[in-house]
Structures are given as structure tokens and as C-alpha cells.
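# Secondary and tertiary structure notes
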Amino acid sequence: MTDPVRLLIVDDHPVVRDGLRGMFAGDPGFEVVGEAADGAEALTMAARHRPDVVLMDLRMPGMDGVTAIGRLVDADNPAKVLVLTTYDTDADVLPAIEAGATGYLLKDAPRDELVRAVRAAARGESVLSPSVAGRLMGRLRTPRQSTEEPLSQRELEVLTLVARGSSNREAAARLFISEATVKTHLLHVYAKLGVNDRAAAVAAAYDRGLLTPGGR
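Here we summarise the structure given alongside this text. (Residues numbered from 1 in each chain as written. Predicted model: local features only at pLDDT ≥ 70, side-chain atom pairs only at ≥ 80, totals over all residues. Heavy atoms only, no water.)

### With respect to the overall build of the chain
When helices and strands are tallied, the chain shows ten helices and six strands. Looking at the chain as a whole, 44% of its 216 residues qualify as buried. Within the chain, contacts between residues separated by at least 24 positions form 64% of all contacts whose residues are at least 6 apart in sequence. Carbon together with sulfur atoms contributes 52% to the accessible area of the chain, which is approximately 10,800 Å² in total. Taken together, the 26 basic and 30 acidic charged side chains of the chain have centroids lying 4 Å from each other. (Helix = DSSP H or I, 4+ residues; strand = E, 2+ residues; numbered from the N terminus. Buried < 20%, exposed > 50% of the residue type's maximum accessible area, 1.4 Å probe, protein only. Contact = heavy atoms within 4.5 Å. Areas by Shrake-Rupley, 256 points an atom, 1.4 Å probe, with all protein chains shown as cover. Lys, Arg positive; Asp, Glu negative; His and termini not counted. Charge placed at Lys NZ, Arg CZ, Asp CG, Glu CD.)

### Here's the deal with the packing of aromatic side chains
Counting across every chain of the model gives one aromatic pair. Seen from their ring centres, F24 and F30 are 4.9 Å apart, and the 75° between their planes marks the pair as edge-to-face. When sorted by exposure, F24 lands in the same class as F30, which is buried. The ring of Y87 has R59 lying over it, and the distance from NZ or CZ to the ring centre is 3.5 Å. (Phe/Tyr/Trp six-rings, centres within 6.5 Å; stacked < 30°, edge-to-face > 60°. Lys NZ or Arg CZ within 6 Å of the ring centre and 35° of its normal.)

### Describing the packing of helix α7 (residues 153-163) against helix α9 (residues 179-193)
Taken N-terminus to C-terminus, the directions of α7 and α9 make an angle of 95°; their axes are 9 Å apart at the nearest point. Accordingly, the angle class assigned to the pair α7 and α9 is roughly perpendicular. Along its contact with α7, which presents R154, E155, V158, L159 and V162, the element α9 presents V182, H185, L186, H188, V189, K192 and L193. (Axes fitted to C-alpha atoms, helices over the stretch in contact; angles between N-to-C directions. Parallel < 35°, antiparallel > 145°, perpendicular 65-115°, else oblique.)

### Focus on helix α4 (residues 90-99)
Looking at α4, one finds that the buried residues are D92, V93, L94, A96, I97 and A99. Backbone geometry just downstream of α4 places G100 in the positive-phi region, at approximately 125°.

### Points about the environment of P14
Turning to its location among the elements, P14 is positioned in helix α1 (residues 14-25). Using a relative accessible area of 46% as the deciding quantity, one classes P14 as partly exposed. Separated by 191 residues in sequence, P14 and A205 have C-alpha atoms that sit 49 Å apart.

### A short note on unusual backbone geometry
Positive phi values are uncommon outside glycine, yet D76 reaches one of about 55°. Its location among the elements puts D76 in the loop between α3 (65-74) and β4 (80-85). Residue D76 is classed as partly exposed on the basis of its relative accessible area of 46%.

### A few points about the pairing of strand β3 (residues 53-56)
Side chains on a regular strand alternate between the two faces of the sheet. Residues of β3 alternate between two faces, with V53 and L55 on one and V54 and M56 on the opposite face, all of them buried. Here strand β1 (residues 5-10) runs beside β3; their pairing, made up of four bridges, is parallel. Bridged to L8 within β3 is V54. Bridging between β3 and β4 involves four bridges; their strand directions are parallel. Residue M56 lies in a different strand from β4, and its bridge partner there is V83. In this view, the connection linking β3 to its parallel neighbour β4 by way of α3 has right-handed handedness. (Pairing = 2+ DSSP bridges. Right-handed = clockwise from strand over helix to strand, strands pointing away.)

### Details of the nonpolar core
As a rule of thumb, nonpolar side chains are buried together in soluble globular proteins. Judged by nonpolar contacts, the single largest core of 25 residues is most densely connected at V10, V54, M56, I69, V83 and Y104. Looking at this core element by element, the count peaks at four residues for α4. Not counting chain neighbours up to four residues away, the residues in contact with V83 comprise M56, L58, I69, A96, A101, G103, Y104 and L105. Of all hydrophobic cores here, the second largest spans 21 residues; its members include V189, V195, A204 and A205. (Core = buried A, V, L, I, M, F, W, Y, C linked by side-chain atoms within 4.5 Å.)

See the structure below:
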């Protein structure tokens, strides 16, 4: 029998926290290890309890969810963050994903979908609500090419390892950063190069002379 998924619930509304706790506490596949009402409290609870998944609201008083996600990533906390919010605008979705969120769901998601999403997040899989996935795909299909913004040194290092066949996990280990941070760097690379995926990013980098065979 596998160990239950250890879950931290973060939301500024007590009624929402109570509902989520009741939903997961009744399932032997989950263990609710704590609750937090804002981002700062979430960081404290995550450091104390080391959950597998943090179910994170975004708009909260004090420290918001995006800031908390970034702090968790910077602290190399192993918890996966699954955003659960009522908002799916670009101003909410993109910063959360770039900060390192593993997935993004809306609060109107059915119970079964939410349960599956938390299990998937615990495995490190990305889970996006249909509306959020549509926004991200639309963003990638209309890349920002006009700025010609150069890649940072770290972005080049990540792209070099990708070009050599490294997975996100392997690149993270080589650079002593988290896997979520690698994913964030790759999102920035895609936007700057005007591409949609890893293979296209490598091809574009070779074409522009950012990478060279046998080196960078």
C-alpha cells in the first residue's frame, strides 16, 4: 500500500479550507498535514510539515500565492504546488506558472478532477484546467518576437544542457537548482526565441549562433 499524499491547504477563506479538508480527510489516499490563510503562513507550514502537494490560492491578503510559490521554489522545498483559484486571466495564470506552479485548476472543478489533479501533482505531472491550457497555448502560438530580448546566462546554461539531451531533472541537478526553476527558465527561453517547445528552442538557438556544435 502506497503512502498517502501529504497535503497542505492554503486559502484565506475558512469555509473553503473546511470544505477542502473534509473532502481529502475522508480519503485514505490523502493526509491533510496543515492549513494556512496566506502565503507567509504557507511557507512556515510547508517548512514544518514538508507536504507532497500545496493546494494554493492566489489572491490572499498579505503575501499572495505567486510570491509564496516563488519563495517555495527558491527555498528548494520539494512540495509541488497546485494552484486552486477562481481566476484564469493572463495576469493570474502566467505569473503562477512562471513562479513554478506544477498545475492550475479553477475552484469550479469537479471533486474527482481535483482529486486526480492532486495525485498527478504529487507525481510531478502538470495539470491545467481547459481554460488555462487554452490561454497558455494561445500565448505560445503568438510568441513575443519583437523585443529581441537576449537570453540570460542561466537561460543559456539550461538550454545548453537541454541541447545535450538532459531532462529537466538532470539539468536541475547539474545546475544545483530546482526542477521548477528549470521549467521557468525554459518558459522564458521559449518566449524570447518565439518557439513552442524544447526541440524548436534548440534549433532556433543553433540558427542564431547562441549554441554551436560541441559547445555553446
